[in-house]
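Summary of the model geometry
Each chain, written out:
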Amino acid sequence: MKRSSEGVAVSRFHCEMKTERKGAARTRSPKERPGTFVGGVRWRQARTRGGSGTSGVSFSARCESREEDAPLTRPESLPESAAFGELVARSAAARASFDRMERAASCNATVLLEGETGTGKSRAALAIHRAGARAGAPFLVVDCGALPANLLESELFGHEKGAFTGAIQRRVGAFEEADGGTIFLDEIGELPAELQPKLLRVLENREIRRLGSNMHQAVNVRVIAATHRDLRAEVQAGRFRADLYFRLAVVGIPIPSLRERPEDLPLIAERILAGLGATPAQVESLTTPDFLARLQKAPWPGNVRELRNHLERCLVFQSALPPALSDSGHPPVAPRSVDAALTYAEARRQALESFEHDYVEALLKLHGGKVSQAAAAADMDRVYLYRLLRRHGLKS
Ligand SMILES: Nc1ncnc2c1ncn2[C@@H]1O[C@H](COP(=O)(O)OP(=O)(O)OP(=O)(O)O)[C@@H](O)[C@H]1O
C-alpha cells in the first residue's frame, strides 16, 4: 500500500485488506471514515481480485495474485480434530488458530492472542512457548490489568533501591527474569497509557531500563500478549497506541468464543472431565447426546472456563445439571441454611465467602467477562475485583 497524498487527516486504520484464496482480497473500511474506493466505487466491504485497485484519502493499493501468496491457513488440509498443548478442537475456526499457533511457535515473532475471557489464551501462550526453541527457558506471566501503573512498571522492568518510597532493595523485573525465554503480557488492553510508550521502546530496542536507573540493559525475550478487548477499536478510540498495536500484532491469533463453535464442545467436555478425574460412569452420564446438545445451546459468556466450572459442579452434585441452573452458581438443592453449631465468627466468614463467590461470578457474567467494565458497574476497584476473582478460582 502506498501513500498518495500528505497532510490529510485520516483514521488510524484507513482500511483493512485480508488476502483470501485464489488471489482475492477482502477489503473493509471503518464506517466513519472518508471511505475506500475499489474500481472507483466507494465501499465499506468489498472483495477484490487480482489486478483490481483500491484507494482511499491517502493511499492506494493493488491486489495482485502470485503463486507464493498461499494463505496462512489451508482449511482443506486441516485434520478432523486437533490439539495444541492442552487445547483441543474440531471446528475449522479453532483449528485455524492452532495452525497459526504452531507457525508462531517455530519463529520468534511477537504474538497477539485475541479472544473473549476463558477461550484459552493463557494456555495457548504457554503452549506456543513450550512448542518453540525457548521451551527450556523461563515463561513469565504479567497481568497488565492487575496492578496500578507504578507497580506494573516495576513488575515489568524492575527498580533500583530507593527508586520510590518503599523500594528498599533492587528488584529484577519480569523482562530481565524471562531473559532467554518468553514473557506473556496478559490483558495487554489494560496497559495504562503512560506505560504504552515504555513498552513500545522495549519492543523496538530490545532493552529495558529499571526504574531509578540510567542504564539500559539488553534483553532477549520473546513477547506474547493477549487481550479480551477489540484492540483495533481501542486504537480507533485513542485509548491504545497504534504503533504499539502494530508492534504486538506481528502474528495476530484470534481465538473464537465457545458459542461460535458448538461442535468443539463435546471434545472439550471430554478433555475437561478427564482432567477433573471423572470416573468412566460419570463421563458416560455427562456426555450423553441429550446433555451435550443442551450444553451446546448455552451461551457460555465465560467460554471454556465457565464450561469447566459447570462440569465440575455436575461432578460435585453428581447430576447432569442444566447450564441455566448452574450459571447462577446455585445448585438445585435446598437454599443455604445457617449452621448454628458454628461460632458466629466462623458462620459469618463462610456466608461472606459464599456471597463473594456468587456475586463476582454473576457480576462477571453480566458484563460478558469484561473485568474493567464489571468493576466500574459495581463501583469496585478493578485490582480488588481481580483479587476476588482469583481467590474464588474464577480467573486464573
Ligand atoms: N480448546 C480447549 N480445549 C481444552 N481446554 C480448554 C480449551 N480452551 C480453553 N480451555 C480451558 O479453559 C480454561 C480457561 O483457559 P485460559 O485461562 O487459558 O483462558 P483465557 O482466555 O486466558 O482467559 P482470561 O482472558 O480470562 O485470562 C483453562 O482451564 C483451559 O485449559
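Remember, it's a predicted structure, so these values are computed and weren't measured experimentally.

**Focus on the site of the ligand**
Neighbouring the ligand are 21 residues; T117, G120, K121, S122 and V304 lie closest to it. Put simply, the parts of the chain that give the shell around the ligand at least two residues each are β10 (87-89), α2 (121-131), α8 (265-275) and α11 (303-316). Among the domains, domain 2 (75-256) and domain 3 (259-333) are the pair contributing at least three residues each to the shell around the ligand.

**A word on the packing of α8 against α11**
Contact geometry for α8 and α11: axes closest at 10 Å, N-to-C directions at 55°. The pairing of α8 with α11 is recorded here as oblique in orientation. Helix-helix and strand crossings are classified by hand; for α8 and α11 the assignment is right-handed. Listed contacts from α11 to I268, A269, I272 and L273 of α8 are V304, L307, R308 and L311. Here the contact of α8 with α11 is built from residues that sort into seven nonpolar, no polar and one charged.

**Things to note about the nonpolar core**
Nonpolar side chains in soluble globular proteins tend to be buried together. Of all hydrophobic cores here, the largest spans 44 residues; its most connected members are M101, L113, I128, F175 and I183. Tallying contributions element by element places helix α1 (residues 92-105) first for this core, with five residues. Every residue in contact with I128, bar those within four places of it in the chain, is listed here: M101, A104, A105, V111 and I224.

**A few points about the sheet that holds strand β15 (residues 182-186)**
Strands sit in the order β12-β15-β18-β11-β19 across an open sheet of five strands; the sheet is parallel. Every interior strand has two partners, whereas the edge strands, β12 (139-143) and β19 (251-254), have only one. Each strand axis lies, on average, 20° off the axis of its neighbour in the sheet, ignoring direction. Alignment of strand β11 (residues 111-114) against strand β18 (residues 222-227), held across four bridges, turns out to be parallel. In the sheet register, L112 faces β18, and the bridge partner there is A225. Sheet strands in contact with α2 are β11, β12, β15 and β18, and its direction is about 165° off that of β18.

**Comments concerning the environment of L267**
Structurally, the position occupied by L267 is in helix α8. Not counting the four nearest positions on each side in its chain, L267 is found in contact with S81, V88, A89 and R90.

**Some details on the environment of A104**
Position of A104 among the secondary structure elements: in helix α1. A count of 27 C-beta atoms within 10 Å places A104 in the buried class. For the pair A104 and V251, spaced 147 residues apart in the sequence, the C-alpha separation amounts to 7.0 Å.

**Some words on the confidence of the model for the protein chain**
With 76% of its residues at a pLDDT of at least 70, the protein chain reaches an overall mean of 82. Within the protein chain, the lowest mean pLDDT, 38, falls on strand β1 (residues 2-3), and the highest, 98, falls on β11. Of the regions scoring below 50 in pLDDT, residues 63-76 engages in 21 contacts with residues more than four places distant in sequence or in other chains. Taken as a whole, residues 325-335 scores under 50 in pLDDT and shows 14 contacts with residues more than four places along the chain or in a different chain.

**Quick notes on unusual backbone geometry**
Working note: non-glycine residues mostly have negative phi, and peptide bonds are mostly trans. The phi angle at N303 is positive, at roughly 55°, despite the residue not being glycine. Here N303 lies in helix α11. At Q318, a residue that is not glycine, the phi angle is positive and equals roughly 50°. Mapped onto the fold, Q318 is located in the loop between α11 and α12 (323-327).

**Considering the pairing of β15**
Counting buried positions over the five residues of β15 gives five, a clear majority of the element. Residues T182, F184 and D186 point to one face of β15 and I183 and L185 to the other, with burial holding for every one of them. In terms of strand pairing, β12 meets β15 through five bridges, oriented parallel. By the bridge assignment for β15, V142 is matched with L185. Pairing between β15 and β18: four bridges, direction parallel. By the bridge assignment, T182 is partnered in β18 with R222.

Reading the values: rules and limits
- Residues numbered from 1 in each chain as written.
- Predicted model: local features only at pLDDT ≥ 70, side-chain atom pairs only at ≥ 80, totals over all residues.
- Near = placed C-beta within 6 Å.
- Helix = DSSP H or I, 4+ residues; strand = E, 2+ residues; numbered from the N terminus.
- Domains from an automatic or database assignment.
- Axes fitted to C-alpha atoms, helices over the stretch in contact; angles between N-to-C directions.
- Parallel < 35°, antiparallel > 145°, perpendicular 65-115°, else oblique.
- Left-handed = near helix turned anticlockwise from the far one by under 90°.
- Contact = placed C-beta atoms within 7 Å.
- Nonpolar A, V, L, I, M, F, W, Y, C, P; charged D, E, K, R; others polar.
- Core = buried A, V, L, I, M, F, W, Y, C linked by C-beta atoms within 7 Å.
- Buried ≥ 20, exposed ≤ 12 C-beta atoms within 10 Å, placed from the backbone.
- Pairing = 2+ DSSP bridges.
- pLDDT = per-residue confidence, 0-100.

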